[in-house]
Amino acid sequence: QVLLVESGGGLVQAGGSLNLSCAVSGLAFSTDVMGWFRQTPGKEREFVAAIWWGGRSTYYGASVKGRFTISRDSAKNTVYLQMNSLKPEDTATYYCAGRRGDHIYYIRPTEYDYWGRGTQVTVSS
């Protein structure tokens, strides 16, 4: 059974930082892709970042590139999203997602098979 559990969300002022975590179980780290998405009410789920366990390759959405960093710790079975220089428009529920794959360019929510329940990030101005 695949289980993804996010944590680390909260309230932060604009310009601040947060580090989200996603505890992963049930996926083969050497062949799987992990992604972060975000969603606000009434909008579609937006791709944020992806990492390929095997190659350590990463890929970012245009709105977060240069400010967010995705990483993973295989020993802890955890994926992280370090978010710096946060803006009010980063406010959203952030979701961790996973799938089998051999590259990192999976940017549509429908391409992922496994999802966490989300963690709320609120950035005040």
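All of these numbers come straight from a predicted model, not from anything done at the bench.

A. Unusual backbone geometry, seen in detail. Non-glycine residue asparagine 77 carries a positive phi angle of around 55 degrees. Classification of asparagine 77 as partly exposed rests on a relative accessible area of 26%. Although it is not a glycine, serine 85 adopts a positive phi angle of roughly 50 degrees. With respect to the secondary-structure elements, serine 85 resides in the loop between β8 (78-83) and β9 (92-100). Taking the relative accessible area as the measure of exposure, serine 85 reaches 40% and is therefore partly exposed.

B. Seen up close, a nonpolar patch on the surface. Where nonpolar side chains cluster on the molecular surface, the patch consists of Tyr59, Tyr105 and Ile107 and spans about 300 Å² of accessible area. Examined against the element boundaries, isoleucine 107 turns out to sit in the loop between β9 and β10 (114-115).

C. The arrangement of the pairing of β8 in detail. Burial within β8 is extensive, with five of its six residues counted as buried. Where strand β3 (residues 18-25) lies against β8, six bridges are found, and the strand directions are antiparallel. Among the inter-strand pairings, alanine 23 is bridged to a residue of β8, identified as threonine 78. Bridge count for strand β7 (residues 68-73) against β8 is six bridges, and the pairing is antiparallel. The partner of isoleucine 70 across the bridge, within β8, is leucine 81.

D. Quick peek at the state of the cysteines. Inspection of every chain in the model, using the stated rule, returns one disulfide. Residue pairing for cysteine 22: its cysteine sulfur links by disulfide to cysteine 96, the two sulfurs lying 2.1 Å apart. Negative torsions about the S-S bond denote left-handed disulfides, and the value of about -80 degrees found for cysteine 22 with cysteine 96 makes this one left-handed. With a gap of 74 residues between them, cysteine 22 in strand β3 and cysteine 96 in strand β9 connect regions that are remote in the sequence. Classification of cysteine 22 as buried rests on a relative accessible area of 0%.

Parameters and conventions
- Residues numbered from 1 in each chain as written.
- Predicted model: local features only at pLDDT ≥ 70, side-chain atom pairs only at ≥ 80, totals over all residues.
- Heavy atoms only, no water.
- Buried < 20%, exposed > 50% of the residue type's maximum accessible area, 1.4 Å probe, protein only.
- Helix = DSSP H or I, 4+ residues; strand = E, 2+ residues; numbered from the N terminus.
- Patch = residues over 30% accessible without salt bridge, like charges linked within 9 Å, V, L, I, M, F, W, Y side chains within 5 Å.
- Areas by Shrake-Rupley, 256 points an atom, 1.4 Å probe, with all protein chains shown as cover.
- Salt bridge = Lys/Arg side-chain N within 4 Å of Asp/Glu carboxyl O.
- Pairing = 2+ DSSP bridges.
- Disulfide = S-S within 2.5 Å.

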